[in-house]
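Here are the chains, one letter per residue:
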Amino acid sequence: MGKYIIKRLGISLATILVLVTVVFILVRLMPGDPFTSDKMTPEIKANLEKYYGFDKPLIEQYFTYLKNLLKGDLGYSMKYKNQTVNKIIEDSFPFSFDLGIRSLVFGISFGLVFGITAALNRGKKLDFISIVIAIIGTSVPDFIMGALLQYFFGIKWGLFPVAQYLGFKHTILPAIAVGFYTLAQVSRLMRASMLEVVQQDYIKTAKSKGISSFRVTYKHQIRNAIMPVVTVLGPTVAAVLTGTFVIESIFAIPGMGKFYVQSVQNLDYSIVLGMTVFYGAFLVIANMIVDILYGLIDPRIRIAGK
Amino acid sequence: MKNIKKLVSLILVVAMCFSLAACSTPKPAEPEEKETNEPKENEATETGKKIFRYSLTADVPTLDPQLMNSIPSSTVGYHIFDGLMRNHVGEIQYGVAEKYDVSEDGLVYTFHLRDAKWSDGEPITAGDFEYGLQRLADPATASDYAFIITSLIKNADKVNNGELPVEELGVKAIDEKTLQIELQNPTGYFISMLSMPQFCPTRKDLVEKYGQEYSADADKMAYNGPFIVKEWKHEDRLILEKNPNYWNKDAINLDEVHILTVADPMTAVAMYEQGELDQVNVPAEVLENYTDKVSYYFDGANDFMKLNMDGSSELKSKDLRLAVNYALNREDFILLATKNLYQPNTRYILPQVKGVDKDYGEEYPYEAFPVKGDEAKAKEHLQAAMTELGVSDPKEIELELLTTDAERTRTEAEILQNQIQTVLGITVTIRQVPYKQRLQMESDREFEMVVTGWVPDYSDPMTYLELWTTNSPYNHGSYKSEAYDGYVKEGITNTDPKQRMDALFNAEKTLLEDGAIIPLQLRRNAMLLNPKVKGFETYFVGLNYDYMYVDIEQ
């Protein structure tokens, strides 16, 4: 197991290094630069380039960046002039993380319940309802979901605050808006996998042994069916926890997603790079945890990994 | 055995879910605590505090006075710093200076400072002003906004490009309370610029103490304006509080100003409706629901088309440029593009900037092209242009219209394309690129026509006219006119206010008669303001809101 984890760790670090290199090059290939503005003169631009070390050869800038990265220093933002990228992430990530956890708890728990209910009631009314919910969750984009929730529950009926992230009440609407997609995804996966498991011989065996149907469902079916859901959790967790631009905008949440999108528009190289590395590391770690969990749950994978 | 393993792993999965959930608890606890002490709707009156609340679509990028480069940050800067003078929506008031003298040639200004203090109790000295301006000009500071002084203060250009040391800048602290500023040219509007944060005093000791982190947080700087920053939660909220050390604190009524970051303009409107904001701008899409409640103001932004006249495009023909200018029906354009939120513009200079005594537009009324367009004239000029270019079919003239990739700019470009093609029969293609790329292409002169704009930096026609002189770094259209350069030069050197203004008007006329630009629209904002808020003012240069003297009716 230890070997397996070390191997996974090595691959993860290599992935991040490749990611940094690719993004470092790509961001500079984008037309324009961070200092392009409608009132920029060549003299002032030269001062700015010198200040940020852009006058040095690209390869030197790359190694400087890597060196600083090893020290955990992501550099200063070019738009938010006195702020370090570390500080920006430190300030904004907790909000995205908090919202992400809430939406995951919402999405996964309801998704599992819906998926299991649908599978147990295959072809019946409840199954149909869960399909409709899943279709809505998959096909309605989050900005529409967010705007609708905000309009009806916030403005029209006044049940929840329209925006900001100040307390529990403020978190409900955005968490639902973000978590709905996860809910749909999990419920569909769970349903499909439940239906597959139900045809397995061990279920028939369990049933023929006379075990109560509750026990069969609970002990044999769900436990075996949950595997595919764990698989998708890695990327979903990383994506949801690092912030969603649209929902953060709609509900005025000072999270990370907004910075990420705006920094691309602003060509703020430091934030784009810093957040990509952060997000990448997060994704890689989440996937790694899933892989390890997978290995724990299913010995066959562990053996194949050796 | 297998079952036990499965059970263990299942427990692990559940444990992970819960531990992740547990991780989150410390964070919400913080915002939740805040809920209780955060002033909510109407709480302002309950606590007896006078609070004014507005929102920004993005947090202010910096509070470093010399590094400020956006209107929202300069607006905050105006309220947390006090310059030598204050420009209260066009009315010049004394700031840290209690009087000033001007030399006969209009080049040397001597300011006498009052006894005023920084927020930490330190006295404000002439040296603080000297240091602030030196820091602005210093190439090592790399301020985007250094351009504001490079053609204004003596030697500022040479200091900024590294030819001279900062000590050579034409700013001298004669003693603790006397400051002398030497200009390159006699500049009447200089006094009106002194409340811009870039000109404000700066504490050398604090800049040196914090280095690049100076002003990164509320406690990493000092203030000398009507307000100080009480709390700055980046990209969330900026809370200003009345400065007890401000020399004119009796004139300040507000206890606090809350500036919230609300990225979505529709959300901001919803928050205003819920009583969570006191002022909000209404987006054009929903303006019709509020037409009876809003008041309008211009933020100074002036949109026009830049035309490439360097010879590579057919637009080198003056007649073609005029043909396009006459072909446009700007009234229809505004109606279709912004539902009449913006105002059609048929001249170049914002009419609201200061003329000799009154507004420039009032003193020099002018309409270069009829607002509804003139089809006959447009065709006449097109004919002349076709002869000049040796073209027999207007379709052979193909122009590319460059614009940004936003939805609004797409609509604008399509309307313009349609109008030009319908009236003139020439071909117009649209090219959309990201904003930064558009700017880059403008300065690289890789365009034929581009929808662009200008925001004034001071209230004088010169802020617009300096763009189009032959040597201007912003003259991306390669406009070249001796007459124009001559008028602008007179505007710089002539000290007689009336003659000077006449020359500037002649420059504007020359520019438009040459069809060097295609004026389009003046940006107007529709604002909802809490009726209890008194004394809130909007402005169009350097800042957009002035809430220094705002009072809240209880």
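Parameters and conventions
- Residues numbered from 1 in each chain as written.
- Chains lettered and ligands numbered in written order.
- Predicted model: local features only at pLDDT ≥ 70, side-chain atom pairs only at ≥ 80, totals over all residues.
- Helix = DSSP H or I, 4+ residues; strand = E, 2+ residues; numbered from the N terminus.
- Rg over C-alpha atoms; globule rule 2.2 N^0.38 Å.
- Buried ≥ 20, exposed ≤ 12 C-beta atoms within 10 Å, placed from the backbone.
- Contact = placed C-beta atoms within 7 Å.
- Axes fitted to C-alpha atoms, helices over the stretch in contact; angles between N-to-C directions.
- Parallel < 35°, antiparallel > 145°, perpendicular 65-115°, else oblique.
- Left-handed = near helix turned anticlockwise from the far one by under 90°.
- Pairing = 2+ DSSP bridges.
- Core = buried A, V, L, I, M, F, W, Y, C linked by C-beta atoms within 7 Å.
- Domains from an automatic or database assignment.
- Nonpolar A, V, L, I, M, F, W, Y, C, P; charged D, E, K, R; others polar.
- pLDDT = per-residue confidence, 0-100.

> Is there a simple way to explain the overall build of chain B in this structure?
What chain B contains, in helices and strands, is 19 helices and 21 strands. Against the compact-globule benchmark of 24 Å for 554 residues, chain B has a radius of gyration of 27 Å, which places it among compact chains. Each of the three principal axes of chain B carries a C-alpha extent, and together these read 85 × 80 × 50 Å. The 554 residues of chain B split such that 48% are buried. A separation threshold of at least 6 residues defines the contact pool for chain B, and within that pool the share at least 24 residues apart is 66%.

> Can you help me understand the overall build of chain A in this one?
Scanning chain A from terminus to terminus reveals 14 helices and zero strands. Its C-alpha atoms put chain A at 85 × 60 × 30 Å along the principal axes. Relative to its full complement of 306 residues, chain A shows a buried share of 43%. Here the analysis covers contacts within chain A between residues at least 6 apart in sequence; of these, 73% occur between residues at least 24 apart.

> Can you help me understand the packing of helix α8 (residues 201-208) of chain A against helix α9 (residues 213-225) of chain A in this one?
For any two helices packed against each other, the geometry comes down to the angle between their axes and how far apart the axes lie. Residues and elements named next belong to chain A. Two numbers describe how α8 lies on α9: the axes approach to 10 Å, and their chain directions differ by 155°. Accordingly, the angle class assigned to the pair α8 and α9 is roughly antiparallel. Considering the relative orientation of α8 and α9, their crossing is right-handed. For the pair α8 and α9, the contacting residues are Y202, I203, A206 and K207 in the first and V216, H220 and Q221 in the second.

> In this structure, what is going on with the pairing of strand β3 (residues 91-94) of chain B? I would like to understand it.
Consecutive side chains of a regular strand alternate in pointing toward one face of the sheet and then the other. Residue and element names in this part refer to chain B. Relative to β3, strand β2 (residues 85-88) runs antiparallel, the two being bridged by four bridges. By the bridge assignment for β3, R86 is matched with Q93. Counted along the chain from β2 to the antiparallel partner β3, the turn is two residues long, and its residue V89 has a positive phi close to 35°.

> Can you help me understand unusual backbone geometry in this one?
Glycine aside, residues mostly have negative phi, and peptide bonds are mostly found in the trans state. Residue and element names in this part refer to chain B. One non-glycine residue, A142, lies in the positive phi region at around 55°. Counting through the fold element by element, A142 comes out in the loop between α5 (126-137) and α6 (147-150). Notably, N340 is not glycine yet its phi reads approximately 70°, a positive angle.

> Would you mind going over the environment of Q262 of chain A with me for this structure?
Here Q262 of chain A shows up in helix α12 (residues 256-266). Through-space distance from the C-alpha of Q262 of chain A to that of V198 of chain A is 48 Å; in sequence the pair is 64 residues apart.

> Looking at this model, I keep getting lost on helix α11 (residues 318-327) of chain B. Mind explaining?
Since the α-helix turns once every 3.6 residues, residues separated by three or four places project in the same direction. Across the ten residues of α11 of chain B, eight count as buried, placing the element largely inside the fold. Listing the buried residues of α11 of chain B in full gives L320, R321, L322, A323, V324, N325, Y326 and A327 of chain B.

> Sorry if this is basic, but what is going on with the nonpolar core here?
Where a protein is soluble and globular, its nonpolar side chains tend to be buried together. Formed by 222 residues in total, the largest nonpolar core has its most connected members in L133, A137, I149, I153, M305, A323 and A327 of chain B. Top contributing element to this core by residue count: helix α4 (residues 85-120) of chain A, with 15 residues. Two domains each put at least three residues into this core: domain 1 (60-223) and domain 2 (304-525) of chain B.

> Can you help me understand the interface of chain B and chain A in this one?
One widely used convention gives an interface's size as the accessible area the parts lose upon coming together. Contact with chain B, which involves 53 residues of that partner, is made by 50 residues of chain A. For the side of chain B that touches chain A, the elements supplying multiple residues, two or more each, are α1 (2-24), α2 (26-37), β10 (256-261), α10 (265-273) and α16 (435-443) of chain B. Among the elements that make up the side of chain B that touches chain A, the one with the highest residue count is α1 of chain B (eight residues). Residue composition of the side of chain B that touches chain A, by class: 25 nonpolar, 13 polar and 15 charged.

> Explain the packing of α11 of chain B against helix α14 (residues 375-389) of chain B here, please?
Residue and element names in this part refer to chain B. Look at α11 against α14: their axes get within 8 Å of each other, and the N-to-C directions meet at 160°. Judged on the interaxial angle alone, α14 and α11 are roughly antiparallel. The two elements α11 and α14 meet at a crossing, and its hand is left-handed. Counted together, D319, L320, L322, A323, Y326 and A327 of α11 and K377, A378, H381, L382, A384, A385 and E388 of α14 form the full contact between these two elements. Its residues assigned to classes, the contact of α11 with α14 comprises nine nonpolar, one polar and three charged.

> Help me out: how do you make sense of the sheet that holds strand β6 (residues 171-175) of chain B in this one?
Across a sheet, strands are paired by hydrogen bonds formed along the backbone, either parallel or antiparallel in direction. All names here are of chain B. As summarised here, the arrangement of the four strands in space is β4-β5-β7-β6, forming an open sheet in which the pairing is antiparallel. Each edge of the sheet is formed by a strand with only one pairing partner; in this case those strands are β4 (97-102) and β6. Across the sheet, the mean angle separating the axes of adjacent strands is 20° when strand polarity is ignored. By the bridge criterion, four bridges tie β6 to strand β7 (residues 178-182) in an arrangement that is antiparallel.

> Help me out: how do you make sense of the domain arrangement of chain B in this one?
Residue and element names in this part refer to chain B. When its domains are assigned, chain B resolves into domain 1 (60-223) and domain 2 (304-525). Using C-alpha coordinates to define each centre, domain 1 is positioned 34 Å away from domain 2. Residue-level contacts link nine residues of domain 1 with nine residues of domain 2.

> Quick question: what am I supposed to make of the environment of N224 of chain A here?
Relative to the helices and strands, N224 of chain A is located in helix α9. By the C-beta count within 10 Å, which is 17 here, N224 of chain A ends up partly exposed.

> Before we go on, may I ask you to explain the pairing of strand β8 (residues 227-233) of chain B in this structure?
Here β8 of chain B pairs with strand β9 (residues 237-242) of chain B via six bridges, running antiparallel. The partner of K233 of chain B across the bridge, within β9 of chain B, is R237 of chain B.

> Any chance you could explain the environment of G106 of chain B here in plain terms?
Residue and element names in this part refer to chain B. Mapped onto the elements, G106 comes out in the loop between β4 and β5 (108-113). Residue G106 is classed as partly exposed on the basis of its C-beta count, with 14 C-beta atoms lying within 10 Å. A sequence separation of 389 residues divides G106 from T495, and the C-alpha atoms of the two residues are 8.1 Å apart.

> So what exactly am I meant to see when it comes to the confidence of the model for chain B here?
The predicted coordinates ought not to be read in detail in places where the model reports low pLDDT. Scored by pLDDT, chain B comes out at a mean of 90, with 92% of its residues at no less than 70. Overall fold confidence for the complex sits at a pTM of 0.88, while the interface term, ipTM, reaches 0.86.

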